[in-house]
Each structure stands twice: as structure tokens, then as C-alpha cells.
Amino acid sequence: MLLPLQQGVLYGPVKSRRYGLSLGVNLMPCGYKLCSLNCVYCQYGLTSVGTIDLAPYAADLPRVEEVAGALEEKLRSSTPFNLITFSGNGEPTLHPHFAEIVDETVRLRDAHRPQVKIALLSNATGLTTPAVRQSLAKIDLPILKLDVGTEKGFLAINRPARRVRFEDIVEHLINLQNIYIQSLFVDGTPANSGRGDIIAWMALLRRIRPREAHIYSIDRSVPSTQLKLVSPARLEEIASTAYRQTGVKVRAFYPRRRAVRA
Ligand code: SF4
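The structure presented is a predicted model; accordingly, all values stated were derived computationally and were not measured.

1. Things to note about the overall build of the protein chain
Thinking step 1. Counting its secondary structure elements, the protein chain contains 7 helices and 13 strands.
Thinking step 2. Since a compact globule built from 262 residues should have a radius of gyration of about 18 Å, the 18 Å found for the protein chain is in line with a globular shape.
Thinking step 3. Its C-alpha atoms put the protein chain at 50 × 40 × 40 Å along the principal axes.
Thinking step 4. If you take every contact in the protein chain between residues at least 6 apart in sequence, the share linking residues at least 24 apart comes to 71%.
Thinking step 5. Carbon together with sulfur atoms contributes 50% to the accessible area of the protein chain, which is approximately 12100 Å² in total.
Thinking step 6. Across the protein chain, the mean location of the 34 positive side-chain charges is 8 Å away from that of the 23 negative side-chain charges.

2. Focus on unusual backbone geometry
For residues besides glycine, phi is generally negative; the peptide bonds are generally trans as well.
Thinking step 1. In this chain, glycine 12 is followed by proline 13 through a cis amide linkage whose omega measures 5 degrees.
Thinking step 2. Mapping proline 13 onto the fold places it in strand 1 (residues 10-16).
Thinking step 3. Here threonine 189 and proline 190 are connected by a cis peptide whose omega angle stands at -5 degrees.
Thinking step 4. Positionally, proline 190 belongs in the loop between strand 9 (186-188) and helix 6 (195-208).
Thinking step 5. Located in the positive-phi region is arginine 159, a residue other than glycine, with phi close to 45 degrees.
Thinking step 6. Looking at where arginine 159 falls in the secondary structure, it is placed in the loop between helix 4 (151-157) and helix 5 (166-175).
Thinking step 7. Here the phi dihedral of asparagine 178 falls at roughly 60 degrees; this positive angle occurs in a residue that is not glycine.

Calculation rules
- Residues numbered from 1 in each chain as written.
- Predicted model: local features only at pLDDT ≥ 70, side-chain atom pairs only at ≥ 80, totals over all residues.
- Heavy atoms only, no water.
- Helix = DSSP H or I, 4+ residues; strand = E, 2+ residues; numbered from the N terminus.
- Rg over C-alpha atoms; globule rule 2.2 N^0.38 Å.
- Contact = heavy atoms within 4.5 Å.
- Areas by Shrake-Rupley, 256 points an atom, 1.4 Å probe, with all protein chains shown as cover.
- Lys, Arg positive; Asp, Glu negative; His and termini not counted.
- Charge placed at Lys NZ, Arg CZ, Asp CG, Glu CD.

Dropping the structure here:
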């Protein structure tokens, strides 16, 4: 079963495969999925509105005060969590006030629970906005998607909306410091886990030089029955090859067993 869309600004806390108890923040609309990509494996299903321009949908987005109010209430409560994660029903960095929301989140976190980390799960398409790029430095764990090494792969796997350009994303990722890369590999049709796919992906990883790369495969229902899981053994092989070839620390994650630190 696909994941149901989030119904509010905050959700969880949910147990994250990598980081423990995470309080999710959804900056996209509640009733539909709005994203600049339409990834073949998306756990929320197909993108309802595929765009990079959120102006026509502004009325459906949470206001800065609404996000800050909900976060403050949760931070003051006894609910346990060790991470606040921007994620949700689409791409969080497309929110027109994303940078302001990050500033408010940092302020509230510092005031109420300074030990809590702030994470961002992003598809990197919002990086064309300078304020978004600047705000990444204030986020403890900026985790950015890179599933492929070529534009052809990007079109097949991530299926971008109009005006989203793979070369822009790559250029911005290369210019950022201290980011984490997250990559999801699938087999079947389409696939991004073949030898040539991994060679092209590693070439970009070498240029981006993230703090770490986290790789994984599908572990729940996906929109297409043509997609297949990449086995844990293959993920481990990709992780160790990528570490040897690029010098970047690559960690493979898969259900039930936490895997290699290459
Ligand atoms: S970027 Fe994330 S939310 Fe958007 S389609 Fe891809 S997996 Fe789904």
C-alpha cells in the first residue's frame, strides 16, 4: 500500500531508518501531492500537481506563522523526538517562504530543545533560489536527492516538471558544502542500478564530494509494478565500489538490517 498523504503541517514522530524519532514538517498542501518531480518509486504515489512554480497554489500552503505555531507547541510538549525533518507531500524547498520557515525553526529549536537536530529531505530542485541555498547552511542534515548520473536517467527515473533542468541541479550540488546525498536505486523498468548507471552516478558523486551518500532501495509499495527491489547485497556492493572509486563515505540502508559503513 502507498503511504497516505500527510493531513497537516506536522506528522509523526515517525521512526526513521537512519536518524531515530523524527517529527515531520509538511510545507506542501494537505489534500494533494505537489512536487517538481514525479519519481517512479515515490511512496506517496504519482504527483498530482507537477510544477516548480507554486504561485498558483499559494493559498493551499501553510503560512509561516502556522508552521511556527505548530512547531512551538510540539517543542513545548512532552512528545519525544530527536529530529525535525522537512519532508511531506512534495518538495519542501519550493515553499515561497522556505528560508523564513528555516529561520523560525532554528530559533524555536534553540529556545526549547537545543539538542534536537533539523533535517531536510529535498529533491534539490529548489536550489535555483539563492535564499534556499543560503538556508541549507543553517540545517544540521541537508539531505539532497541524486538518483542518477545522466539527464537521460533523470528523465526516466525522476520525471521532472517543466523548467526543471538536471544540469542546474548538478551545478548547485557541486557548489554546496557539507551536504548529504541520498540515492534510491531500483531494478526492473526503468532501472538505475546497472553498471553503466552506477559509473555515471559515481562520476557526479566524485564532483559533488558530499559529507556522506546514503543509498537504499524501495521497501514498500510503489506506483509501478514494473519496478524491482535492488538486493541488500547489490546495495552493499555499490556502496563499497563507490567508496573505493570516489573517496566519499557511502552507507547502504535496507529494511531490518542496518548495513555497511564503507
Ligand atoms: S521528489 Fe520526493 S516527493 Fe517528489 S516525487 Fe520524488 S520521491 Fe516523491
